[in-house]
Amino acid sequence: MPPSVPSPRRVARTLRTSLFAQVACALVLGIVVGRLWPDTATAFQPLGDGFVRLIKTVIAPLVFCVVVVGIAKAGNLKAFGRIGLKALVWFEVASTVALLIGLIAANVVGPGSGMNVDPSKLDASAIDGKTAGGSLPSTAEFILDALPQSAVGAFAENSLLQVLVLACLTGAALLHLGTTKVPKILPAIEQAQDVIFAIVGFVMKLAPLAVFGAMVHLVGEYGLGVMKTYGKLIILCYAVALVFLALLAVALKLVTGLSLWKFVRYTREELLLALGTASSETVMPRMMQKLRQAGARDDAVGLVLPTGYSFNLDGASIYLSIGTLFIAQAVGVDLSLSRQITVVLVLMLTSKGMAGVPGSAFLALSATASSLGVIPAGAVALLLGVDRIMDSMRVVTNLLGNCVAVFAVSRWEGALDAERAKKVLDGEITFVEEDGPFVVEGGPSVVEGGPSVVEADGPSVAQGGPSVERDGPLESALAEPESAEAPVTAQPGVTAQAARGDVPAQVDVPAQMVKEPASEVS
C-alpha cells in the first residue's frame, strides 16, 4: 500500500477517537440517505431533536455556574460590569456592520431581480404556521422578559438572559458576604459545574447520531431542488457571510493577535456539529470549555458568550438584510435609500429579540415589511422554501462572531492570557475534556484523573493524578498540608479543591519522578 494511503487500521482508529471524523461521516451519510430515501426524513428527525433537548437541559445550569464562579474568582464586580458594557458595544457594532454588508451585496447582485412574483398568489397563511402565531417582543417586553419571575422558572424555561441575571445577583452576593460567612457555597457551585461538564461529555458522544438524523430530515424534507430555485440567493448569503468572517478575522488579529483560521481548526468538531444540527446551542457548553482553556477568563466567557446568543446574531443580520431586499426585488418594489436606512434601523431592533422565538426570522421580516409599507406582508412567504438551508450559514456565523467577541472583549478588559491562547491555537497545548476542575488563574492547568495538558516541548506528570505544565512547580502540586487544622493557601498549578483540603493534594508518583526538579522530569 502506498505511503500516502492511510491503512484501514489507522482509518478505524481515527473514526473511533476523532469526534470531527465521526460527525463528518455522519453528515455525508445523512445527505446520501436523505437523497435516496426521502420518505425516511420524519423517521430520523427525533435523533437530532433529542440531542438538542439533552444539550439544552444543561445549558442554563452551566451558564449559572460559570458566571457565578467567574464573578467570585475575579473578585471585582465593577470589572464584570465593564465586561458586559464592552460586550454590548461590540455586539452592536458587529451586527450593524453585518446588516450594512448584506444590504450593499443585495443591491449590487440583485438576487430577486427578474422574478416578477405576484404576491397575491402567495400563501400568506403559511407564515402563521411557521411562526405559530407568535410575535417579536417590544423593547419594554424584551427588558421585562430578561428579568426572572422566579428562580425555578428561569431554569425551567431555559431563558438564558434570566439565568444570567440570577447568576450576576448570586455572584455579587457571594462577593458581598465573603468566604468567611458562606464558605461552602462557592465550592459547591464549582463541584456542580464539574458534574455538568461531565454530563456534557457523555451527551457529546451522541453527536454523530444527531447530525445524521438532522441531515436526513433536511435533505429528505426539502430536497436538493431548492438549491436550483434559490441558488443565487443562497450563494450570495454564504458569500457575504464569508466576507464578514474575513473582516472578523482582521479585527481579531488587530485586537488580540490571534488567528481566526487557527481558532476554526481548534473548534472544528463544534463548528461541524453546529453546521449539521443547525443549532448553536448544541455546542455552547463545549465552546465555553474551549474558550476557557484558550486563555479567556471565566467571567468573560460566562457573560459574553451566552449574552451574544441574544444580542449578537451576525449571521441572522446578514440573512435579514439580504432577505428583505430579495423580497422587494422579487415583487418589483424599488426601495429608495431612505427606505433602506429604515430597514437597517428596524432590523437593529427586531434582531435583538429573535432568540428563542419560533420562526423569528419571518417575524422580523414581516415587521420590516410592515414598517416600510410598500412590501406586501404575504411576500415573506417567498423565503419559506429556503429558510432551513440558510440555518447553517446563520448558525456558524453567529457562533464564530460570539467567540471572536469573547476574545476581543477579554483582551479589551485584560481578561485574556494571550500567550496561552496562542499556544492553544498553535496546538502546543492540547484541549482536555473538563471532567474535573480546570485552573487557569494564577498558574498552569490541572486536570485531575484525566489526560495531560502539556506543551509540545514540555514534560508532564500523569500518574493517576493531576497533569502539570512545564512552568508549574511539581513540588506545589504534590505538597500536603502539615496539619488538618492549618490554613491552606492555593499554590499555582494546584486545584482549588486540593487547596481547600476537599481532596488530598498528595498523589502516588513513582520515586524516580520526584528525585529531580520538575524541569528535569521526562
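Above this text sits the structure in question.
Residues numbered from 1 in each chain as written. Predicted model: local features only at pLDDT ≥ 70, side-chain atom pairs only at ≥ 80, totals over all residues. Heavy atoms only, no water.

Undergrad: Just checking my understanding: could you explain the overall build of the chain for this structure?
TA: Looking only at helices and strands, the chain has 23 helices and 0 strands in total. Per-residue burial for the chain yields a buried fraction of 52% across its 522 residues. Within the chain, contacts between residues separated by at least 24 positions form 80% of all contacts whose residues are at least 6 apart in sequence. In the form shown here, the chain has an accessible surface area of approximately 23400 Å², with 61% of it arising from carbon and sulfur atoms. (Helix = DSSP H or I, 4+ residues; strand = E, 2+ residues; numbered from the N terminus. Buried < 20%, exposed > 50% of the residue type's maximum accessible area, 1.4 Å probe, protein only. Contact = heavy atoms within 4.5 Å. Areas by Shrake-Rupley, 256 points an atom, 1.4 Å probe, with all protein chains shown as cover.)

Undergrad: Please clarify how the packing of aromatic side chains should be interpreted in this entry.
TA: Where two aromatic rings form a pair, the distance of their centres and the angle of their planes describe that pair. Enumeration according to the criterion identifies 4 aromatic pairs in this entry. Taking the centre distance of 5.1 Å and the plane angle of 85 degrees together, the rings of F44 and F212 count as edge-to-face. Of this pair, F44 sits in helix 3 (residues 41-74) while F212 sits in helix 10 (residues 207-222), placing them 168 residues apart in sequence. Overall, F44 belongs to the partly exposed group, its relative accessible area being 25%. Measuring from ring centre to ring centre gives 5.6 Å for F64 and F155, while their planes differ by 70 degrees; the resulting arrangement is edge-to-face. Highlighted residues: F64 in helix 3 and F155 in helix 7 (residues 151-156), separated in sequence by 91 residues. A relative accessible area of 16% means that F64 is categorised as buried. Looking at F155, the relative accessible area reads 29%, which means it is partly exposed. Here a set of aromatic residues connected by ring pairs shows up, and it is made of F263, Y266 and F407. (Phe/Tyr/Trp six-rings, centres within 6.5 Å; stacked < 30°, edge-to-face > 60°.)

Undergrad: Looking at this structure, I do not really get the packing of helix 15 (residues 284-293) against helix 16 (residues 298-311). What am I missing?
TA: Working note: a packed helix pair is described by the angle between its axes plus the distance between those axes. One can describe the packing of helix 15 onto helix 16 by two numbers: an axis separation of 10 Å at closest approach and a directional angle of 145 degrees. Remark: the crossing between helix 15 and helix 16 carries right-handed chirality. In this structure, helix 15 uses M284, M287, M288, L291 and R292 to contact helix 16, whose residues at the interface are D298, V301, G302, L305, P306 and Y309. Of the residues that constitute the contact of helix 15 with helix 16, the class distribution is 8 nonpolar, 1 polar and 2 charged. (Axes fitted to C-alpha atoms, helices over the stretch in contact; angles between N-to-C directions. Left-handed = near helix turned anticlockwise from the far one by under 90°. Nonpolar A, V, L, I, M, F, W, Y, C, P; charged D, E, K, R; others polar.)

Undergrad: Explain the pattern of salt bridges here, please?
TA: Between side chains of opposite charge, a pair can form when the charged atoms approach closely. Per the stated rule, a full pass over the model turns up 10 salt bridges. One salt bridge connects R394 with D391, and the closest N-O pair in it is separated by 2.2 Å. Remark: D391 and R394 occur in helix 20 (residues 387-413); sequence separation between them is 3 residues, near one turn of the helix. The class for D391 is buried, based on a relative accessible area of 17%. Each of E269, E270, R286 and K290 takes part in a single network of salt bridges with overlapping partners. (Salt bridge = Lys/Arg side-chain N within 4 Å of Asp/Glu carboxyl O.)

Undergrad: What is the right way to read the nonpolar core from this model?
TA: Across soluble globular proteins, nonpolar side chains show a tendency to be buried alongside one another. Ranked by size, the top nonpolar core spans 134 residues in total, and within it V63, L233, F263 and L305 carry the most contacts. Those residues in contact with L305 that lie beyond four places of it in its chain are M284, M287, M288, L291, A300, N402, C403 and V406. (Core = buried A, V, L, I, M, F, W, Y, C linked by side-chain atoms within 4.5 Å.)

Undergrad: Would you mind going over the environment of V380 with me for this structure?
TA: With respect to the helices and strands, the residue V380 is situated in the loop between helix 19 (360-372) and helix 20. Measuring from C-alpha to C-alpha, the distance between V380 and F326 comes to 9.7 Å, with 54 residues separating the pair along the chain.

Undergrad: Any chance you could explain a nonpolar patch on the surface here in plain terms?
TA: Side chains of L85, V89, V93, V97, V243, L247 and W412 sit close together on the surface and give an oily, nonpolar patch of about 630 Å² of accessible area. Those elements giving two or more residues to the nonpolar patch turn out to be helix 4 (77-109) and helix 12 (231-256). Top contributing element to the nonpolar patch by residue count: helix 4, with 4 residues. (Patch = residues over 30% accessible without salt bridge, like charges linked within 9 Å, V, L, I, M, F, W, Y side chains within 5 Å.)

Undergrad: Would you mind showing me how to read the side chain of E270 here?
TA: With respect to the helices and strands, the residue E270 is situated in helix 14 (residues 268-277). The class of E270 is buried, set by a relative accessible area of 0%. Here R286 takes part through its side chain, which lies 2.8 Å from a polar atom of the side chain of E270. If we ignore the near neighbours within four places in the chain, the residues touching E270 are V283, R286, M287 and K290. (Polar contact = N/O pair within 3.5 Å; in protein donor to acceptor, adjacent residues only side chain to side chain.)

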